[in-house]
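Listed below, chain by chain, are the residues.
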Amino acid sequence: MTSPGKHRRTSVIVDDPLAAPSVYYGTSHGRRTGRANTYSAYTQIQDTAVGRNAPVEDGRYANRRISHDESSFQPRKFLIRVEPTLKTLLSREDTDDNMQITIEDNGPKVLSVGTFTSNAYNKFDIRGNYMLSNLLQELTLAQDYGRKTIVLDEARLNENPVSRLSRLISTSFWDGLTRRIDGNNIAQVGKDPKDWTPNPVPRIYIPRGAPEQYEFYTRFAREHPESRLDVQWLAENCTDELYVRDLNKAPGLLAIAMEEHFDPSSGRTDLKGLPFVVPGGRFNELYGWDSYMESLGLLINDRVELVKSMVIHFCFCIKHYGKILNANRSYYLCRSQPPFLTDMALRVYDRIRYEPGALDFLREATLAAIKEYYTVWMSEPRLDKETNLSRYRPGGVGVPPETEASHFEHILTPYAEKHGMTFSEFVDAYNYQRVSEPELDEYFLHDRAVRESGHDTSYRLEKVAANLATVDLNSLLYKYEVDIGRIIRTHFGDKLVMPADMCGPGMTPGQVETSATWERRARKRRLMVDKYLWDEEEGMYFDYDTVKKQRTGYESATTFWPLWSGLATPRQAAALVERALPKFEVFGGLVSGTERSRGQVGLDRPNRQWDYPFGWAPQQILAWVGLQRYGYEADAQRLAYRWLYMVTKAFVDFNGVVVEKYDVTRQIDPHRVEAEYGNQGSDFKGVPREGFGWVNASYIYGLTLVSAHMKRALGTLTTWDDFVKATEALDISL
Ligand SMILES: OC[C@H]1O[C@H](O[C@H]2O[C@H](CO)[C@@H](O)[C@H](O)[C@H]2O)[C@H](O)[C@@H](O)[C@@H]1O
Ligand SMILES: [Ca+2]
């Protein structure tokens, strides 16, 4: 793991009131002795929070004279005993006992703490939900670092919420989400909250092409029996459906890229896992499209090396597993996710172009993307030969094991009853083909496709996904075609030779790739998309059902992806902005699909998380970028503002919460999503430590789109409508 706080470069650590927790509360630097030198008084903390004088336990303050005078020119600081204050704070303010202080708690919303300059003799009231919840967060962090007493800057409690959230993301959340797989950390990184087996053990599967990793992990397991690490070779043909099904009895991590490094303590060169960022919550592995979205924020936060590593992981996956995996767990071996590799690699290249090895990095990534393009997306069964468009259509057998236990109950129970079996007997019989249910096979074919699309789940895709040439996938492939053509022409003298290890079925080692072919492919795809997916009357794109041979008519926010990839013409873009955008724009940004398309929901037809009224970070980001690309700057800014406002407001009102997805129609508690497996990121005690990967990124990225004026308005929690009114009033008065 990257060490927390490493990236906040500060040489005056002790004087930075907003330093990262590791610095502020950490053992060596965080003991902020330097600053105390200017004060004089004898220390005996008056701790009103616990109603008694409390002696200082961190010896450094004892017997130091500090002044009783409060200077209005000095930023306020508090002298606080961590544990008793925490106790009092929670018992008074956390009235619903969930270890968070939110607007739903009915406490007095005020707590007195002692000021530092008076040695806690004078009291100051911390008031309001936001400051109190920040106090809870700071005390929890201080406790994590083993602190008994702290000097706490008021600036950490009343910090502008936009600055606070951006700061937490860049100095804490990314670190909380960063993993490396190499051995010492296998307990943390191997953990899978989705594991359904009775006694999960850390297990890693190694592809045949990476014997050095097999040697590394078996040595580690031998030397560290206490790790219980189970190291297994993968079969040569590791994506065979029946083989992957059989692995479900012993699920495990799939190895990803490692690098050589010299270990001075042992004097030998060894392997070390390259870092990557996980989505968060129950998703504790390297994901496909989450990684791309995360990279957009990481790059702004100058974590270029981290994003570069994630691209290298993807190249490793394509080389050894034949695809960018849904995520690197054994049960995802047959499944990919929406492809973004070329854009991700180009963004990294742009930042490292003057460094040695930059061009090799771009070459490797491009070769991998070409292999992926041919063998995953442009081969059957994903390729529909008639339209020459692509579909999400992964292989697999049986019931996807990683979903929440009850997910398929309503589908499978009638079959279990029909066969006179218990639920789990039936699942086993079905998975191992002792019973045949072709209807269920069809259901799960589409279900797997839904999951490959990343939009799991949605009524747009249910029971039909594998047949759809979707707007999303074909927009992304258009971007691959354009990017690959441009890369080959601009960086490789218009000729790229495919090496044997980046050739999959149907490819020939030594085959030469030129820009003309890729540009032709892009033009052809645009023609096909216009023919099958574009609806001139509606002024928007729809998915095309390759079996029924008709457009589905389901209104989805993916209709804006052709703006992101440059597939739409300026005229189509104008139609999308005028006609489609109003259907999707709501209080908190863009909703995933329209209410009309979703239809009635109820007990028999529950909410699906990728439908109305939910909104997701990737949908927002791709629309912002797409709108900007076609010159619709004001629309991009407005949508970004709505989303940022909603995220900030929930963050302020709900103890710093940042979640996987939001109900974008809900103004008070948009993080509350009751659909499928709930909302990842909301279940923390005291302090959020990770946020959620792609929402973190959307926040950092979105803030680069809005004006300074908008940013200030967001900091004061001004809704978009009020912001517009205020701006108009200002314009009139000028
Ligand atoms: O375990 C249920 C499903 O979880 C994943 O999907 C959701 O989380 C992913 C990670 O943030 C995200 O990429 C995806 O868009 C979400 O819908 C997983 O990708 C599915 O395969 C899995 O069945
Ligand atoms: Ca509470």
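Residues numbered from 1 in each chain as written. Chains lettered and ligands numbered in written order. Predicted model: local features only at pLDDT ≥ 70, side-chain atom pairs only at ≥ 80, totals over all residues. Heavy atoms only, no water.

Visitor: Help me understand the UniProt feature "domain: Neutral trehalase Ca2+ binding" (unreviewed entry) in the chain, please; the structure alone is not making it clear to me.
Guide: Listed under "domain: Neutral trehalase Ca2+ binding" (unreviewed entry) in the UniProt record, and renumbered for this structure, are residues 86-115. Secondary structure over residues 86-115 splits into 27% helix and 17% strand, and the C-alpha atoms at its two ends are 17 Å apart. (UniProt positions renumbered as here; feature names shortened; annotations may be inferred. Helix = DSSP H or I, 4+ residues; strand = E, 2+ residues; numbered from the N terminus.)

Visitor: I keep staring at the pairing of strand E8 (residues 203-206) and nothing clicks. Help me out?
Guide: Residues in a regular strand point their side chains to alternate faces of the sheet. Residues Arg203 and Tyr205 line one face of E8 and the alternating positions Ile204 and Ile206 line the opposite face, and both faces are buried. Here four bridges tie E8 to strand E9 (residues 230-233), and the two strands are oriented parallel to one another. Bridging across to E9, Arg203 finds its partner in Asp230. In this sheet, strand E10 (residues 253-254) lies alongside E8 in parallel orientation, the contact comprising two bridges. Across the sheet, Tyr205 pairs through a bridge with Leu254, a residue of E10. (Buried < 20%, exposed > 50% of the residue type's maximum accessible area, 1.4 Å probe, protein only. Pairing = 2+ DSSP bridges.)

Visitor: I keep staring at the sheet that holds E10 and nothing clicks. Help me out?
Guide: Strand pairing within a sheet occurs via backbone hydrogen bonds; the two strands may be parallel or antiparallel. Sheet architecture is open: three strands sit in the order E9-E8-E10, paired in parallel fashion. Looking at the sheet topology across the chains shown, the edges are occupied by E9 and E10. Sheet strands in contact with helix H7 (residues 211-223) are E8 and E9, and its direction is about 155° off that of E9. (Contact = heavy atoms within 4.5 Å. Axes fitted to C-alpha atoms, helices over the stretch in contact; angles between N-to-C directions.)

Visitor: Please explain the pattern of salt bridges as it appears in this structure.
Guide: Where charged atoms from two side chains of opposite charge approach closely, those side chains can pair. What the rule picks out here adds up to 55 salt bridges. Here Asp543 and Arg460 are joined by a salt bridge, their closest N and O atoms 2.7 Å apart. Here Asp543 is found in the loop between strand E20 (540-541) and strand E21 (544-545), whereas its partner Arg460 is found in the loop between helix H15 (438-452) and strand E16 (468-469), with 83 residues between them in sequence. Of the residues examined, Asp543 reaches a relative accessible area of 2% and is grouped as buried. Overall, the relative accessible area of 4% leaves Arg460 in the buried class. Between Asp653 and Lys649 there is a salt bridge, with the nearest N and O atoms lying 2.6 Å from each other. Of this pair, Asp653 and Lys649 both sit in helix H22 (residues 633-653), four residues apart, roughly one helical turn. When salt bridges with common partners are traced through the structure, they connect Glu138, Arg156, Glu159, Arg164 and Arg167 into a single cluster. (Salt bridge = Lys/Arg side-chain N within 4 Å of Asp/Glu carboxyl O.)

Visitor: How should I be thinking about the nonpolar core in this particular structure?
Guide: Most often, soluble globular proteins keep nonpolar side chains buried together rather than apart. Within the largest apolar cluster, 190 residues are counted, with the highest numbers of intra-cluster contacts made by Tyr321 and Tyr662. Residues lining this core come from more than one domain, with at least three contributed by each of domain 2 (405-452) and domain 3 (560-729). Filtering out sequence-adjacent residues up to four positions away, Tyr662 remains in contact with Pro613, Phe614, Gly615, Trp643, Met646, Val647, Ala650, Val657, Pro670, His671, Val673 and Val695. (Core = buried A, V, L, I, M, F, W, Y, C linked by side-chain atoms within 4.5 Å. Domains from an automatic or database assignment.)

Visitor: Where do I start with the coordination of the calcium ion (ligand 2) in this structure?
Guide: Six octahedral donors around a metal ideally sit at 90 or 180 degrees from one another, while four tetrahedral donors ideally sit at 109.5 degrees. Note on the calcium ion (ligand 2): its protein donors are Asp94 (OD), Asp96 (OD), Asn98 (OD1), Gln100 (O), Asp105 (OD) and Asp105 (OD). The metal-donor distances range over 2.2 to 2.6 Å. Classification of the site at the calcium ion (ligand 2) as irregular follows from its six donor atoms and the range of 51 to 164° in their angles at the metal. For the calcium ion (ligand 2), all donor residues lie on one chain, and their spacing in sequence is D-x1-D-x1-N-x1-Q-x4-D. On the basis of relative accessible area, Asp94 is assigned to the buried category, the value being 4%. (Donors = N, O, S within 2.8 Å, 3.2 Å for Na, K, Ca; no water. Tetrahedral: all angles 85-135°; square planar, octahedral: opposite > 155°, others 65-115°.)

Visitor: I'm lost on the sheet that holds E21 in this one. Help?
Guide: Across the sheet, three strands lie side by side as E16-E21-E22; this open sheet has antiparallel pairing. The open sheet terminates on both sides in strands that have one partner only, identified here as E16 and strand E22 (550-551). Judged from the two bridges that link them, E16 and E21 form a sheet pairing that is antiparallel. When the sheet's bridge partners are listed, Ala469 is paired in E21 with Tyr544.

Visitor: Can you help me understand the side chain of Glu93 in this one?
Guide: With respect to the element layout, Glu93 can be found in helix H3 (residues 82-93). At 3.1 Å, the side chain of Glu93 and the backbone nitrogen of Val110 are in polar contact. Not counting the four nearest positions on each side in its chain, Glu93 is found in contact with Ile101, Asp105, Gly107, Pro108, Lys109, Val110 and Leu132. (Polar contact = N/O pair within 3.5 Å; in protein donor to acceptor, adjacent residues only side chain to side chain.)

Visitor: Would you mind showing me how to read unusual backbone geometry here?
Guide: The amide bond that connects Asp456 to the next residue, Thr457, takes the cis arrangement and shows omega of 0°. Looking at where Thr457 falls in the secondary structure, it is placed in the loop between H15 and E16. Here the residue pair Tyr612 and Pro613 is connected by a cis peptide bond, since its omega of 5° sits within 30 degrees of zero. Following the sequence through the fold, Pro613 ends up in the loop between helix H20 (595-598) and strand E25 (614-616). One non-glycine residue with positive phi stands out, namely Ala120, at about 70°.

Visitor: Quick question: what am I supposed to make of the site of ligand 1 here?
Guide: Taken together, 21 residues surround ligand 1, and among them Asp290, Arg335, Glu402, Gly454 and Asp456 come closest. Taking Arg335, its side chain carries an N or O atom lying 2.7 Å from an oxygen atom of ligand 1. In this structure, an oxygen atom belonging to ligand 1 sits 2.9 Å away from a side-chain N or O atom of Gln337. Alone, ligand 1 offers 480 Å² of accessible surface; in the complex the protein occludes 100% of this. When grouped by side-chain class, the residues that make up the shell around ligand 1 number nine nonpolar, four polar and eight charged. (Near = heavy atom within 4 Å. Areas by Shrake-Rupley, 256 points an atom, 1.4 Å probe, with all protein chains shown as cover. Nonpolar A, V, L, I, M, F, W, Y, C, P; charged D, E, K, R; others polar.)

Visitor: Looking at this structure, how should I read the domain arrangement of the chain?
Guide: As assigned here, the chain comprises domain 1 (21-159), domain 2 (405-452) and domain 3 (560-729). Measuring from the centre of the C-alpha atoms in domain 2 to the corresponding centre in domain 3 gives 35 Å.

Visitor: Sorry if this is basic, but what is going on with helix H23 (residues 693-703) here?
Guide: Structural remark: α-helix, 3.6 residues per turn; residues separated by three or four positions point the same way. In terms of burial, H23 is largely enclosed, as eleven of its eleven residues are buried. Buried within H23 are the following residues: Gly693, Trp694, Val695, Asn696, Ala697, Ser698, Tyr699, Ile700, Tyr701, Gly702 and Leu703.

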